Every structure is written in structure tokens, then in C-alpha cells.
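Listed below are the residues making up each chain.
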Amino acid sequence: MDSKITKSRLSNFLSYEWILMIVVAVLAIFGWELIYTTAAVRISDGQKFVYYYDKGVSGLNPKTFDEILDDNDTFSYDILYKAYEQMSDETASGGYDVLTLRLSLPEGDAIFCDTNQDEETKTSRANTLIDTYSVYDVESLLKNAKKYLSALLKDEFVTDSADQLAETDVMLDYANLDENKISDLFYTRLKGDNRLREGSVSPENEKARIKKLCEETAFFQKVLTFDETVPSEESIFYSYRKYEQAYTVYENKEDYKEAYENSVVKKYGLKIDALKNLYGKDGETEAKNNAENFFSIKSERSLNGVIALVFNFSNGNDGIYDLQFESISFLNTIIRSFSVLESKVL
């Protein structure tokens, strides 16, 4: 049989089979895309950690700060995407505020903003954010983290309701947690995750995540306890009564009357300027980093009024609730990196 490929045979093949060749090429591309899509790790909202520099605050060395988060192993194995963004006065299509659109996705865990009052409007950006969005006060953040860990306690330690247990510290000792419950949580959370099918993650990763959360929550509690012992003007947390600004300044303030009357003063943002001014050094010991080199009010080269707020997605889904306490580690890294407070609370 003569199977030699000649110019005429090749020409005849291309003349009659070109449609088949296109179909094969399309099917090959489709098949490859299907394989890639199936095998790729799909990142849920909860597995992202995104923080912002608000429009009134400049990140002076944002890349270096991001590296500080990495160097301190701030986040657990399940944070698969981390990013930061500098906000501006620009609006998105439709006239919506960019931050509002980001948070509606939801996409955003923390924000550096400022508490300085605008002389013309008599408002501060920090108060506006707290009044407008769901922002954690630090006591609620701590309590929710302890309640989350309480669900993993060994049965002999489950003696009260989650709220009552949160008043104790029993869940902050990893030895009191049930590793079988942690493994069950792992398989429930990562059901359908391609990493599980590939074997690149296991319950051991989840145990390490929970153990770190115990440690970070315990440290955060010590910081809050220490903060209660100092005069209010020396607190490292920004205190505010939610809706106070809306009720006292806005034209439609009556719309906020009931909400304001039902609110109380709580501690919200971590005051970056207080970390620098009060705990930047202790004798000969200085903080690892100078906050003045990383954060500033845009209108002036100053730390005055810069705070870090944490958003609250506790009612979210898609794994958001499980991973929202990564924000505690985020705040702790700031405290450890820009102050000597760690030596005072341990």
C-alpha cells in the first residue's frame, strides 16, 4: 500500500477535511478548559483576605507592610488570596462608592482610615464607616472567636451555653479541644475543595489553624485586658457610640434616633498612632518597625488619627464565618510589629 505523503494528497486532505480539523481543534480547546476548570482550586469569599487604605490615608510602604504580614505567618493555610487596595475619591459606574461595591461582594476584611473631624462637615471618616457598614467592635470580635472555638471543645468541657462558655478561657487551651471535631469541621468546610481531592491538605492543616487561632485569640484577650487597666486617653482602641455622628450631624438624623438610643460606647479600631506614641519603645527596646514609615494621613505626613477597623461578616456564608477570625491575627501582627506592647501583656 502506497502511504507516501505527497503534495497533492495533502492538498486533497486539506480541501475536504478542513471542517473536521476545526472541529477537532475546538473540542481539544474545550476539553483542556474543562480539565483546568475542574482541577483548579476555586477560592471562596472566606479564603480571601483583602484590606484597604481608605481615601484619607496613605500606605507609605504597602508592599513592605504586606511582606510583614507574610513574614509573621499572619494567616492560616486556608487564606489562598491576599491583597490590598488604595481607595480614592473616584466613584464606580453608576455613581456608587468603590468601597461599598467591594463590601457588597463581600470583599474586604479590614481598612486603615482616620478619625480626624472635617471642619466643614463636622464628620470623621471612621465614624462614617462605623455608622454605615458592619464593623466589629473588639469585644464582640473576641467573644465570637471564643464561641467559635467553644464548638470544638471536648464534651466534658461543654458545661454551659456558648455565650456562657465565652466568658471563660477554657477554649483557649488547645488541649481542651476535640481533634475529632476539628477533623469533622475540616471535611465539612472543604467538601468539594480540589485540594482535598489532590491530598495537598489534610486535617493536620486544620488542627494547626485552630491551634493558632487559640493562641492568637488568647493574645488578643490579654491586649484587651491590659487596655482596660490604663486611662481612657491611653487606650490603643478607638471608642465610639455607633450612630452618634449620624444622629447629631446628618440632615435625616431622626432616621437614626432609635438605633442611636439603643447603642452604647464600644471600642472599635486599633489606634496606630497610640501604638507609636505610647508603646513605640520601652527603655532601650524599640518596636520592630516605625509606624510613621508605613501609614499617614494624606493631607499631612502624620500618623495622627490613623486606625485599623475590621469588618464583620459573621452573618455571611461560603466559609466567611469560619475564616473571619483571621482578622484577629491581622490586628495582632500590627501590635507586635509596631509596638513593644507584647512584652507588657505576656
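Keep in mind the model is a prediction, meaning the values are calculated, not measured.

Undergrad: Help me understand the overall build of the chain in this model?
TA: Helix and strand content of the chain: 15 helices and 10 strands. A buried classification covers 45% of the 346 residues belonging to the chain. In the chain, once contacts between residues fewer than 6 apart in sequence are set aside, the share between residues at least 24 apart is 75%. When the accessible area of the chain is evaluated, it comes to approximately 18,600 Å², of which 50% is carbon and sulfur surface.

Undergrad: How do you make sense of the packing of aromatic side chains when you look at a structure like this?
TA: For any pair of aromatic rings, the description consists of the separation of the ring centres together with the inter-plane angle of the planes. Within this structure, the stated rule accounts for 28 aromatic pairs. Centre to centre, the rings of F112 and F330 are 6.1 Å apart; their planes meet at 50 degrees, and the pair counts as tilted. Pair noted here: F112 is in strand β4 (residues 110-114) and F330 is in helix α14 (residues 326-338), with a separation of 218 residues, a long-range link. In this pair, the class of F112 matches that of F330, namely buried. Of the aromatic side chains, those joined through ring pairs into one cluster are F49, Y51, Y53, F65, F75, Y84, F112, F294, F295, F330 and F338.

Undergrad: Which parts of the structure should I look at to understand the side chain of T123?
TA: Along the chain, T123 falls in the loop between β4 and α4 (125-132). Relative accessible area serves as the criterion here: at 16%, T123 is assigned to the buried category. Of note is the side chain of T123, whose polar atom sits 2.7 Å from the side chain of T121. In this view, T123 contacts N116, Q117, D118, T128, Q245, V249 and Y250; residues no more than four positions away in its chain are not counted.

Undergrad: Whenever I open this one, the sheet that holds strand β1 (residues 48-53) confuses me. Can you help?
TA: To summarise the sheet geometry, strands pair through backbone hydrogen bonds and adopt either a parallel or an antiparallel arrangement. In spatial order, the strands read β3-β1-β4-β10-β6-β5; together these 6 strands make up an open sheet with mixed pairing. Only two strands of the sheet have a single neighbouring strand rather than two, namely β3 (81-86) and β5 (237-241). Across the sheet, the mean angle separating the axes of adjacent strands is 30 degrees when strand polarity is ignored. In terms of strand pairing, β4 meets strand β10 (residues 306-310) through 5 bridges, oriented antiparallel.

Calculation rules
- Residues numbered from 1 in each chain as written.
- Predicted model: local features only at pLDDT ≥ 70, side-chain atom pairs only at ≥ 80, totals over all residues.
- Heavy atoms only, no water.
- Helix = DSSP H or I, 4+ residues; strand = E, 2+ residues; numbered from the N terminus.
- Buried < 20%, exposed > 50% of the residue type's maximum accessible area, 1.4 Å probe, protein only.
- Contact = heavy atoms within 4.5 Å.
- Areas by Shrake-Rupley, 256 points an atom, 1.4 Å probe, with all protein chains shown as cover.
- Phe/Tyr/Trp six-rings, centres within 6.5 Å; stacked < 30°, edge-to-face > 60°.
- Polar contact = N/O pair within 3.5 Å; in protein donor to acceptor, adjacent residues only side chain to side chain.
- Pairing = 2+ DSSP bridges.
- Axes fitted to C-alpha atoms, helices over the stretch in contact; angles between N-to-C directions.

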